[in-house]
Amino acid sequence: MTKKSTAPAPALSDMDADAGVDIVTPHKDRYGSWAVIPSGKRVEVTLTTQGNTQIMVTHDSEEEARAQILDTLKALK
Amino acid sequence: MPLPEPTYPSVNLVGVRKEFDYLMIAIKPDGASTVSWLRVPLLSQFDALTENNQDVELSTFVGADNTSTTLRARLKRGANIPIATAAHVSDPVVKAMLAAATKGTPVLFRGYYKSMELVAQGQATLGSRGMQGGTEDIPQWGFDLLIMSYNYYEEATGNLIA
């Protein structure tokens, strides 16, 4: 008798599901490659997607910059 | 007979170009003012920034010694940069640029002229020049970046070149 796995089924994150654009490959790690470069007191965050779209945001907070990049990605249809 | 020793060039522009010039734009989102830079998928065309200056002059009175002075001024009338992108409209940035050109949405631009070691940035709108090329060409879409205001910066230091 096989033991039933208790591990949760893998699920797409909410952001993956919301993105809904073909340049995002949800199963790839976090949309593509991220580059984070400190720029004085701010931080410059760049995302290069699988589809070779590059978005760059300069912000006080890295998390806010990442959120803004994902918002921009969703707005690109 | 000993050969003369060659000398290295003193300028740093003769080396192998490791990075090409490129352009980033930020299209104003509806009802928001956040700046997210998108790298434009350029084909070969990323022309230099051409300043549209106008010179005006005013001749002043003629002096008793029969000489005159002319007042001259140079008025800045924006600038433009012609570019061409990969024309495939499945590219989301090309689509967003086309929409911005049609609606007249304001954009910000940042042109990285690696060859000049400077960055030109400012406010602009996009104008479409339409599809270019025939059946045997690699398709491209022409745009004009119609610049309203701009400044030059040293890329290495970020200092304004005033």
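Residues numbered from 1 in each chain as written. Chains lettered and ligands numbered in written order. Predicted model: local features only at pLDDT ≥ 70, side-chain atom pairs only at ≥ 80, totals over all residues.

### Some words on the interface of chain A and chain B
- If you look at the interface, chain A gives 13 residues, while chain B gives 10 residues.
- Elements that contribute at least two residues to the side of chain A that touches chain B include exactly strand E3 (54–59) and helix H2 (62–75) of chain A.
- Within the side of chain A that touches chain B, the residues separate by chemical class into 8 nonpolar, 4 polar and 1 charged. (Contact = placed C-beta atoms within 7 Å. Helix = DSSP H or I, 4+ residues; strand = E, 2+ residues; numbered from the N terminus. Nonpolar A, V, L, I, M, F, W, Y, C, P; charged D, E, K, R; others polar.)

### Brief notes about the confidence of the model for chain A
Residue and element names in this part refer to chain A.
- For chain A, the mean per-residue pLDDT works out to 72, and 60% of the residues sit at or above 70.
- Mean pLDDT across the elements of chain A bottoms out in helix H1 (residues 14–19) (42) and peaks in E3 (93).
- A low-confidence stretch, residues 10–28 (pLDDT under 50), is modelled with 22 contacts involving residues beyond four sequence positions or located in other chains. (pLDDT = per-residue confidence, 0-100.)

### Observations regarding the pairing of strand E1 (residues 22–27) of chain B
All names here are of chain B.
- Relative to strand E6 (residues 107–113), E1 runs antiparallel, the two sharing 6 bridges. When the sheet's bridge partners are listed, Ile25 is paired in E6 with Phe109.
- As paired strands, E1 and strand E2 (residues 37–39) are joined by 2 bridges and run antiparallel to one another. Counted as the bridge partner of Ile25 is Leu38 from E2. (Pairing = 2+ DSSP bridges.)

### Notes on the pairing of strand E2 (residues 42–49) of chain A
All names here are of chain A.
- Bridge count for strand E1 (residues 32–39) against E2 is 8 bridges, and the pairing is antiparallel. Bridged to Pro38 within E2 is Val43.
- Where E2 lies against E3, 6 bridges are found, and the strand directions are antiparallel. Across the sheet, residue Val43 finds its bridge partner in E3, namely His59.
- Hairpin connection of E2 to E3: 4 residues between the antiparallel strands, including Asn52 at a positive phi of 70°.

### Comments concerning helix H1 (residues 92–103) of chain B
Residues and elements named next belong to chain B.
- In this model H1 runs 16 Å from its N-terminal to its C-terminal C-alpha over 12 residues, within 8% of the 16 Å that 1.5 Å per residue would give.
- Looking at the buried residues of H1, the elements they touch are E1, E2, strand E5 (68–86), strand E7 (118–132) and strand E8 (140–154).
- Where H1 ends, the next residue or the one after it, Gly104, has phi of about 75°, a positive value. (Expected span 1.5 Å × (residues − 1).)

### Let's talk about unusual backbone geometry
All names here are of chain B.
- Within the chain, Asn66 stands out as a residue other than glycine whose phi angle is a positive 70°.
- By the element assignment, Asn66 lies in the loop between strand E4 (50–62) and E5.
- Judged by C-beta crowding, with 6 C-beta atoms within 10 Å, Asn66 ranks as exposed.
- Not every positive phi belongs to a glycine, and Glu117 is a case in point at roughly 60°.
- Among the structural elements, Glu117 can be located in the loop between E6 and E7.
- Under the C-beta neighbour-count criterion, Glu117 is labelled partly exposed, with 13 such atoms within 10 Å. (Buried ≥ 20, exposed ≤ 12 C-beta atoms within 10 Å, placed from the backbone.)

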